[in-house]
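# A closer look at the structure
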Amino acid sequence: MNTLLFSHPDCLDHDTGYGHPECADRLRVVLSALEDETFMFLDRRDAPLATRAQLERVHPPAHVTALLDAIPADGHGSIDADTVLSPGTGRAALRAAGAVVAAVDAVCGGEARNAFCAVRPPGHHAEPDQAMGFCLFNNVAVGAAHARATHRLRRVAIIDFDVHHGNGTQTFCEQDADLFYGSTHQWPLYPGTGSVKERGMFGNIVNACLPPMAGSPEFRHAIQTQLIPALDSFKPDLLMISAGFDAHMRDPVGGLDLTEDDFVWVTQKLIEVADRHAKGRIVSVLEGGYDLRALANSTAAHVKTLMVA
Ligand SMILES: [Zn+2]
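Quantities reported herein were computed from a predicted structural model and do not represent experimental measurements.

The subject of this paragraph is the overall build of the protein chain. When you go through the protein chain residue by residue, the secondary structure sums to nine helices and ten strands. For 309 residues, the compact-globule formula gives about 19 Å, and the C-alpha radius of gyration of the protein chain, at 17 Å, lands near that figure. Relative to its 309 residues, the protein chain shows a buried fraction of 60%. Within the protein chain, contacts between residues at least 6 apart in sequence are counted, and of these 75% link residues at least 24 apart. Counting every atom, the protein chain has about 11500 Å² of accessible surface; 53% of that belongs to carbon and sulfur. One finds the centroid of the 25 positive side-chain charges in the protein chain at a distance of 8 Å from the centroid of its 38 negative side-chain charges.

On to the coordination of the zinc ion. Protein-derived ligands of the zinc ion are Asp-162 (OD), Asp-162 (OD), His-164 (ND1) and Asp-246 (OD), with the metal-ligand distances lying across 2.0 to 2.8 Å. Between consecutive donors of the zinc ion, the numbers of intervening residues give the motif D-x1-H-x81-D. Just as Asp-162 is buried, His-164 falls in that class too.

As a rule of thumb, soluble globular proteins bury nonpolar side chains together. Counting 96 residues, the largest nonpolar core has Phe-6, Cys-117, Leu-238, Leu-239, Met-240 and Val-283 as the members making the most contacts within it. If you tally residues by element for this core, the top one is helix α4 (residues 89–108), at 13 residues. If near-sequence neighbours (up to four positions away) are discounted, Leu-238 is found in contact with Val-104, Cys-108, Ala-147, Leu-153, Arg-155, Val-156, Ala-157, Ala-278, Arg-281, Ile-282 and Val-283.

Inspection of every chain in the model, using the stated rule, returns 18 salt bridges. Across the pair Glu-22 and Arg-120 runs a salt bridge, and its minimum N-O distance is 2.7 Å. Here the residue Glu-22 occupies a position in the loop between β1 (3–7) and α1 (24–33), and Arg-120 occupies one in the loop between β5 (114–117) and α5 (139–150), the gap between them amounting to 98 residues. Considered together, Glu-22 and Arg-120 belong to a single accessibility category, that of buried residues. We note a salt bridge from Glu-35 to Arg-44, for which the minimum N-O separation is 3.5 Å. Residue class for Glu-35 comes out exposed when judged on its relative accessible area of 58%. Connected via shared salt-bridge partners are Arg-148, Arg-154, Arg-155, Asp-176 and Asp-178.

What follows concerns the side chain of Glu-287. Note that Glu-287 resides in the loop between β10 (282–286) and α9 (292–307). For the buried Glu-287, which has no salt bridge, the nearest side chain bearing the opposite charge is Arg-26, at an N-O separation of 8.0 Å. Reaching out from Glu-287, the side chain makes a polar contact with the side chain of Ser-242 at a distance of 2.7 Å. Non-local contacts of Glu-287, meaning those with residues more than four positions away in its chain, are made with Arg-26, Pro-122, Gly-123, His-124, Val-140, Asp-162, Ser-242, Ala-243 and Gly-244.

Here we take up α5. Its twelve residues give α5 an end-to-end C-alpha distance of 16 Å, which sits within 8% of 16 Å, the value for a rise of 1.5 Å per residue. With respect to burial, α5 is a largely interior element, nine of its twelve residues being buried. When we look at burial in α5, the residues that qualify are Asn-139, Val-140, Ala-141, Val-142, Gly-143, Ala-144, Ala-145, His-146 and Ala-147. Residues of α5 that are buried make contact with α2 (52–55), α4, β6 (156–160), α6 (167–173), β9 (238–243) and β10.

Rules and cut-offs
Residues numbered from 1 in each chain as written. Predicted model: local features only at pLDDT ≥ 70, side-chain atom pairs only at ≥ 80, totals over all residues. Heavy atoms only, no water. Helix = DSSP H or I, 4+ residues; strand = E, 2+ residues; numbered from the N terminus. Rg over C-alpha atoms; globule rule 2.2 N^0.38 Å. Buried < 20%, exposed > 50% of the residue type's maximum accessible area, 1.4 Å probe, protein only. Contact = heavy atoms within 4.5 Å. Areas by Shrake-Rupley, 256 points an atom, 1.4 Å probe, with all protein chains shown as cover. Lys, Arg positive; Asp, Glu negative; His and termini not counted. Charge placed at Lys NZ, Arg CZ, Asp CG, Glu CD. Donors = N, O, S within 2.8 Å, 3.2 Å for Na, K, Ca; no water. Core = buried A, V, L, I, M, F, W, Y, C linked by side-chain atoms within 4.5 Å. Salt bridge = Lys/Arg side-chain N within 4 Å of Asp/Glu carboxyl O. Polar contact = N/O pair within 3.5 Å; in protein donor to acceptor, adjacent residues only side chain to side chain. Expected span 1.5 Å × (residues − 1).

Right, here's the structure in full:
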């Protein structure tokens, strides 16, 4: 079976202003890298807009309304110093969440083995009731909630190898025994959550903290000894990935020392988990990654690995 790619030109219209690391060029370089002939057999689809009902499985209705009402008709607005709004932000954010919903439908419906969502704004910092850290809606959480609501899948695991802790995704998962969130992230770093002591109400949260400058050995050790065993005991019906590439050594925001090879390796390990428990079903979603060259190369390496699953 094939690998699907979900994206949409509307995701380029979220304008964060001059010099902002979470810029439209990120998505341009990712899509351009995926134009290489290596990806000839990648099945490309336009992301639909997420519906209110899909968002409201994760975000309270009043918060969704307030967020969409805050989108400016011209110029820029902001939620906080990092989280900027432009006239195109609303549709971009709805496409980003909608991509994950559509990817879940395709993978859980048996149309594809796995899928990658090349979208922005990212989502893993978005709390149910608070947009923050470049993130509007929690795209991966909206997808996980959709999988459970419409595909009769009980257990969904989300693995997050972005250099930052996905505080919003952890909040979404921590009180539900049928959700699992596992993260490798630099510690300490923004947003300040993700201590190893945060284990979730059912032991369903695993935070593997990596010290600044940690590289391949520490990352692979954490995945192998903490996340994989926890996933094997959780036995997900669907594996989702918050694929941030800002733990790359070239990244200006993160301070870890990973390379493309590490992203290939972790993708292979997660494919093995999905094969053991979830009939191979993986939906992967772009999160961070702010060095354009490292982001393009790492995303290409990740997607190429998904294609040979
Ligand atoms: Zn990040």
